[in-house]
There are 4 protein chains.
Amino acid sequence: MTAHVATLLVACQDRKGLVASLAQVLYGHGANILDSDQHTDSVAGMFFQRLRFDLASLTTDRVSLETGIREVGERMAMDWKLSYANRVRRVAIFVSKQDHCLYDLLLRHRAGELACEIAMVISNHADAAPIAAHFGVPFHHLPVTAETRTAQEAAATELIEAAHIDLVVLARYMQILSAAFVAKYPSRIINIHHSFLPAFVGANPYKQAYEKGVKLIGATSHYVTADLDQGPIIEQATIRCSHRDSVEDLVRKGRDLEKRALAQAVRYHLEDRILLYAGKTVVFD
Amino acid sequence: MTAHVATLLVACQDRKGLVASLAQVLYGHGANILDSDQHTDSVAGMFFQRLRFDLASLTTDRVSLETGIREVGERMAMDWKLSYANRVRRVAIFVSKQDHCLYDLLLRHRAGELACEIAMVISNHADAAPIAAHFGVPFHHLPVTAETRTAQEAAATELIEAAHIDLVVLARYMQILSAAFVAKYPSRIINIHHSFLPAFVGANPYKQAYEKGVKLIGATSHYVTADLDQGPIIEQATIRCSHRDSVEDLVRKGRDLEKRALAQAVRYHLEDRILLYAGKTVVFD
Amino acid sequence: MTAHVATLLVACQDRKGLVASLAQVLYGHGANILDSDQHTDSVAGMFFQRLRFDLASLTTDRVSLETGIREVGERMAMDWKLSYANRVRRVAIFVSKQDHCLYDLLLRHRAGELACEIAMVISNHADAAPIAAHFGVPFHHLPVTAETRTAQEAAATELIEAAHIDLVVLARYMQILSAAFVAKYPSRIINIHHSFLPAFVGANPYKQAYEKGVKLIGATSHYVTADLDQGPIIEQATIRCSHRDSVEDLVRKGRDLEKRALAQAVRYHLEDRILLYAGKTVVFD
Amino acid sequence: MTAHVATLLVACQDRKGLVASLAQVLYGHGANILDSDQHTDSVAGMFFQRLRFDLASLTTDRVSLETGIREVGERMAMDWKLSYANRVRRVAIFVSKQDHCLYDLLLRHRAGELACEIAMVISNHADAAPIAAHFGVPFHHLPVTAETRTAQEAAATELIEAAHIDLVVLARYMQILSAAFVAKYPSRIINIHHSFLPAFVGANPYKQAYEKGVKLIGATSHYVTADLDQGPIIEQATIRCSHRDSVEDLVRKGRDLEKRALAQAVRYHLEDRILLYAGKTVVFD
């Protein structure tokens, strides 16, 4: 039923006639707009739009429609991206020993919350193998040490390429990826950091939070860039804590935040709800 | 600067070409779309849109633009409403003895959060007179008893009509308005109820909440209809409570919720963000 | 390490000397108080206390300590309950087809969040069998129809009794238990209802919420009593929703609330944090 | 009615018998415990307690009771502080041009939420004079420049000393107090910072948040120490934001957070709910 649906994401300098031009092209080809969300950043002078439309009523074909969009895009100097719902995205999940985010993503996927195929689980430990098996997902154990990092990432890259992976999700993967690896997948790697960034970057954020005596802890999902914990933020969540909470309590409370903030980010990405500019995100939710 | 801005609200049966037609008309007259928000209720088959656009670049004039919109509206069988930002809305606040929502609205207005003129405060008690005076707002004391209700509402109506009031805000006004009065101002009276409706309708919701032992209390702002506490909900807020909270604590915590939920609703209304259908609201926030 | 810990829950008419008497008894036997939480309901004239203490430093023995507590309890007309952490509680989870709460409880248990043994999963459907197997928990398939309810509940009772179950958790068990069954386990059955009670009792609360057009949905965990959806509330959670959310979206958002509100209630119960009176709960969190 | 109430705050190294000793002393003098809240930090080996009790039933007198507490305090090496509810605290509010926190505190005080006398408003600008007048609070205009800071703080100190001020509240006071001034009032100056510390210290936190693209903004109330924005955190609050929020929108949303986080901290302080250690707070709420 949603197989006939497409999503168009657009970013460009703001100017008159943008909404009309895009709407006109879609209408001209018989596409019916289901959702339209638009944002103008008047400070940056930028225009952003997400259009979701039904192709079932198309009076031409996909090639003609794309040609029409391409023409408008060139005339208006737009960055644009068109996705078809029947082209199912392929996701690879990277995980280490902590499995709460892995389980959460697999369960949400099975419940129909995440429109994708989870094509593989990659881990530097063997622990998650039975979990992947339980959900019928291929599992690859790629151990890593400081010496073998390059080779391990090469092996991961090979798996990713062979399986035509669209999105890599770091579900509490406790290894720092090399700049070279990250550069291969711009805006296609999502990480979860267990603090409300920019507070508590780096290691042991819950311990840092405990020592600082904050009254709220948080979690942040973001795209991975070469700068550790500095990529564009997609989603954040916080929960109250108090002097009664030990570091272990913060870890427990934080797991809930991590699961939600990561799953939300993955869902937004898969539904083409995210645009990037100036190191931050527009999320059409 | 925002004096040249207009907002168009549209509701109609869903069909193809709606977005394109409206965008085309605005573009044809040289209006620049600043914000566009759209919603399709596929269950009800309804289409809703809010368009905010700049008139400074208009190549025709307002009359022509309105004619253009009217033509599209008739062809597409749309309900539509066009508002100009330079036509400042006029608000009357009704209050009884509790003044926290009154203060909150007056302070937010002064801080520039509410785009309107607060034209008068009407109360069945004299207590709020110094508050109105402090903010330079005319105050009308209209006492009421069961016997004088009709006359009191007639006096209020006269004040409202004489001052060309657009919106009546019941800021903890502890009198039940007659069906006749309510009928005069459809979707133009906003009330705050001190519970998360539909829980705890009627009197003393905090006492009801205390006795029920709920772990969250709430507040609900809604349009006033003939059915008490049943009008379309605009905004709701909740806060945690516990066995430690007495009824007085719930009242204290609730004041914060009431202020926020009411002010938010008034802001949404004044910024033409609300559409009504099927006894509920579409709020483009 | 926590094997030497005990928890004392006390409820009685308020009077002077209660805190001193209990603290004195514990001190007199060499027990070291780790946590002490107390609440006085001055309206009801009731006193409640939770004392968690270390037995490792006991200068007498458990029998003497219990005798001491019993003496104070009788003198002060207290209801009291003493639990030892090394007596692990045994939990039975009832589930139907929806498995998100079941997975959540099993995962939290494995992560060490729930101090109990999950002794069995009982279901009226076979679907959850592989889940129980994955976590190494015995599974019992007890199908039920209107005609077989009495026999099915008898079979469940037999399993519960044979396994010395302390707590029954209804993790989206979509059958209404008979008054006779409920009466067997007072304050020992916890249910999750998918609305912020007392709003939307009964069937299809998300559909009710959708039709009412609320701006927040909720979930409520509570002890089960003979009155459907009326038992003492333990925990509630809410999340924002909007006109954009279909019933399916509310169901998806609600799953997160249900998981959290149910797991929290189970944890509170297992840690002896809940006292009951006047149809509501004191939760020492 | 609450005039007969006293509150005892205690901090010391953890050891056996602390709860019993204090409860025994209170009972011995006929004081009735209304609330008892206790916390043990097992990592730091510290014990904290708050006892609120009724003196109406005292069988001795206040002097004897204090002597009793002093004896226990010395034996157990306790830091302790006893406050009588009938000794009303005196508060000075410092403010600059932004008045939302000032209004909020004055209104909450008038509504009975803050058990204190607001003895004066001090400002480096004249703008708040009519607000202080409206609430009948003395106003002192103390302008300040880089050159006159020492003299201005001396004038403020004189006012504070003359009026026997117990607590100084910086309600968006946009001047940095000298280390010398701060040192005079340890744990007696509360500030509101408009970010969720430790994120966005220093100037323009809303602008920093906007540029970082966070999805939550926050506010933090804390005791003022010599290190700017580094004092012990008392309360924090966050609210969601998105790409739609301009810096001005963040400022508007933030005002609500600032008011709540500051008022909450002031209330906790006035009700003797806060203990300090290791650069952070224990808040018995």
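Residues numbered from 1 in each chain as written. Chains lettered and ligands numbered in written order. Predicted model: local features only at pLDDT ≥ 70, side-chain atom pairs only at ≥ 80, totals over all residues. Heavy atoms only, no water.

S.K.: Before we go on, may I ask you to explain the relation of the copies chain D and chain A in this structure?
M.R.: Note that the two copies of the chain are related through a rotation about an axis and a translation along the same axis. Least-squares fitting of chain D to chain A yields an RMSD of 0.0 Å, with the superposition described by an axial translation of 0.0 Å and a rotation of 180°. Such a combination of turn and shift is consistent with a two-fold rotation axis. For chain D, the smallest separation between a C-alpha atom and the rotation axis is recorded for Ala199 of chain D, amounting to 2.3 Å. Here 100% of the interface residues in chain D have copies in chain A that are interface residues too; the copies meet face to matching face. (Least-squares fit on C-alpha atoms with pLDDT ≥ 70 in both. Contact = heavy atoms within 4.5 Å.)

S.K.: I keep staring at the interface of chain D and chain A and nothing clicks. Help me out?
M.R.: By a frequent convention, interface size equals the accessible area lost on bringing the separate parts together. Listed as interface residues are 33 residues of chain D and, on the opposing side, 33 residues of chain A. Each partner contributes to the roughly 2900 Å² buried at the junction of chain D and chain A, and carbon and sulfur atoms together form 50% of this total. Together, Lys212, Lys215 and His243 of chain D form the three largest contributors to the area buried by chain D at its contact with chain A, with a combined 23%. Counting the contacts that link chain D with chain A gives 4 salt bridges. When the shortest N-O distance is used, the salt bridge between Glu235 of chain D and Arg240 of chain A registers 2.9 Å. At the boundary of chain D and chain A, one finds 18 residue pairs in polar contact (both at pLDDT 80 or more). With 7 residues, the top contributor of residues to the side of chain D that touches chain A is strand S11 (residues 233–240) of chain D. Residues that form the side of chain D that touches chain A fall into these classes: 15 nonpolar, 9 polar and 9 charged. (Buried area = accessible area lost by both parts, 1.4 Å probe. Salt bridge = Lys/Arg side-chain N within 4 Å of Asp/Glu carboxyl O. Polar contact = N/O pair within 3.5 Å; in protein donor to acceptor, adjacent residues only side chain to side chain. Helix = DSSP H or I, 4+ residues; strand = E, 2+ residues; numbered from the N terminus. Nonpolar A, V, L, I, M, F, W, Y, C, P; charged D, E, K, R; others polar.)

S.K.: Where do I start with the relation of the copies chain B and chain A in this structure?
M.R.: The two copies are related by a screw operation: chain B maps onto chain A through 180° of rotation and 0.0 Å of translation along the axis, at an RMSD of 0.0 Å. Looking at chain B, 100% of its interface residues are interface residues in chain A too, so the copies touch through the same face.

S.K.: Could you clarify how one ought to interpret the domain arrangement of chain A in this entry?
M.R.: All names here are of chain A. For chain A, the assigned domains are domain 1 (2–84) and domain 2 (89–283). When each unit is reduced to the centre of its C-alpha atoms, the spacing between domain 1 and domain 2 is 31 Å. Counting residues at the interface gives 13 residues for domain 1 and 8 residues for domain 2. Buried surface at the junction of domain 1 and domain 2, both sides included, amounts to about 810 Å², of which 59% is carbon and sulfur. Sorting the residues of domain 1 by area buried against domain 2 places Leu9, Phe48 and Arg50 first, and these three jointly supply 55% of that buried surface. The interface formed by domain 1 and domain 2 contains 1 salt bridge. Ionic pairing is found between Asp272 and Lys81, a salt bridge with its closest N-O pair at 3.2 Å. (Domains from an automatic or database assignment.)

S.K.: Can you help me understand the packing of aromatic side chains in this one?
M.R.: Going through the model one piece at a time under the given rule, you end up with 30 aromatic pairs over all chains. Measuring from centroid to centroid gives 6.3 Å for Phe94 of chain A and Phe181 of chain A, while their planes differ by 55°, and the two rings are tilted. Linking Phe94 of chain A in strand S5 (residues 89–95) with Phe181 of chain A in helix H6 (residues 179–184), this pair joins segments that are 87 residues apart in sequence. No difference in accessibility class separates Phe94 of chain A from Phe181 of chain A, as the two residues are buried. One aromatic cluster is present, built from ring pairs that chain together Phe94, Tyr173, Phe181 and Tyr185 of chain A. Sitting above the plane of the Tyr84 of chain C ring, Arg62 of chain C keeps its charged end 4.3 Å from the centroid. Here the guanidinium or amino end of Lys280 of chain D rests over the ring plane of Tyr210 of chain A, the centre of that ring lying 3.7 Å away. (Phe/Tyr/Trp six-rings, centres within 6.5 Å; stacked < 30°, edge-to-face > 60°. Buried < 20%, exposed > 50% of the residue type's maximum accessible area, 1.4 Å probe, protein only. Lys NZ or Arg CZ within 6 Å of the ring centre and 35° of its normal.)

S.K.: Mind showing me how you'd approach the confidence of the model for chain A here?
M.R.: Regions with low pLDDT carry predicted coordinates that are not meant to be interpreted in detail. Mean pLDDT over chain A stands at 96; residues scoring 70 or higher make up 99%. Overall fold confidence for the complex sits at a pTM of 0.96, while the interface term, ipTM, reaches 0.94. (pLDDT = per-residue confidence, 0-100.)

S.K.: Looking at this model, I keep getting lost on the sheet that holds strand S7 (residues 139–141) of chain D. Mind explaining?
M.R.: The pairing of strands in a sheet happens through backbone hydrogen bonds and is either parallel or antiparallel. Residue and element names in this part refer to chain D. Reading across from one edge, S7-S6-S5-S8-S9-S10-S11 is the order of the 7 strands in this open sheet, with mixed pairing throughout. Each having just a single partner strand, S7 and S11 make up the two edges of the open sheet. With strand direction ignored, the average angle separating the axes of adjacent strands in the sheet is 20°. Pairing of strand S5 (residues 89–95) with strand S6 (residues 116–123), which is carried by 7 bridges, proceeds in the parallel orientation. Bridge pairing in S6 links Val91 to Ile118. Together, S5, S6, S7 and strand S8 (167–170) form the strand contacts of helix H5 (residues 149–162), whose direction differs from that of S6 by roughly 165°. Across the sheet, helix H8 (residues 247–270) touches S5, S6, S8, strand S9 (189–193), strand S10 (216–223) and S11, and the angle it forms with S10 is around 30°. (Pairing = 2+ DSSP bridges. Axes fitted to C-alpha atoms, helices over the stretch in contact; angles between N-to-C directions.)

S.K.: Before we go on, may I ask you to explain the sheet that holds strand S6 (residues 116–123) of chain C in this structure?
M.R.: All names here are of chain C. In space, the 7 strands of this open sheet follow the order S7-S6-S5-S8-S9-S10-S11, with mixed pairing throughout. The two strands at the open ends of the sheet, each matched to only one other strand, are strand S7 (139–141) and strand S11 (233–240). In this sheet, adjacent strand axes meet at a mean angle of 20° when their direction is disregarded. Here strand S10 (residues 216–223) runs beside S11; their pairing, made up of 7 bridges, is antiparallel. From the neighbouring strand, Leu216 faces S11, where its bridge partner is Arg240. Sheet strands touched by helix H3 (residues 100–110): strand S5 (89–95), S6, strand S8 (167–170) and strand S9 (189–193). Its angle to S6, the strand with the most contacts, is close to 160°. Here helix H8 (residues 247–270) sits on the sheet and contacts S5, S6, S8, S9, S10 and S11; the angle it forms with S10, its principal contact strand, is near 30°.

S.K.: I keep staring at the environment of Leu159 of chain B and nothing clicks. Help me out?
M.R.: Residue and element names in this part refer to chain B. Along the chain, the position of Leu159 falls in helix H5 (residues 149–162). Distance from Leu159 to Met120, taken between C-alpha atoms, is 8.9 Å for residues 39 residues apart in sequence. Ignoring any residue separated from it by four or fewer positions in sequence, one finds Leu159 in contact with Met120, Ile122, His140 and Leu142.

S.K.: How do you make sense of the interface of chain B and chain A when you look at a structure like this?
M.R.: Contact with chain B, which involves 20 residues of that partner, is made by 20 residues of chain A. Approximately 1700 Å² of surface area, both sides summed, lies buried where chain B meets chain A, with 51% of it carried by carbon and sulfur atoms. Taken together, the connections running from chain B to chain A amount to 0 salt bridges. Between the two partners, chain B and chain A, sit 10 residue pairs in polar contact (both at pLDDT 80 or more).

S.K.: Help me out: how do you make sense of H5 of chain D in this one?
M.R.: An α-helix turns once per 3.6 residues; consequently, residues spaced three or four apart project the same way. Residue and element names in this part refer to chain D. The end-to-end C-alpha distance of H5, which contains 14 residues, comes to 20 Å, matching closely the 20 Å that a straight helix rising 1.5 Å per residue would cover. Three or more residues of H5 are buried, namely Gln152, Glu153, Ala156, Thr157 and Ile160. Buried residues of H5, viewed axially, fall in a sector of 140°; they line one side. Those residues of H5 that are exposed and angled more than 90 degrees off the buried face are Thr150, Ala151, Glu158 and Ala162. Of the surrounding secondary structure, the elements contacted by the buried residues of H5 are S5, S6, S8 and helix H6 (179–184). Of the residues flanking the end of H5, it is His164, one or two places downstream, whose phi is positive at about 50°. (Expected span 1.5 Å × (residues − 1). Arc of directions from axis to C-beta.)

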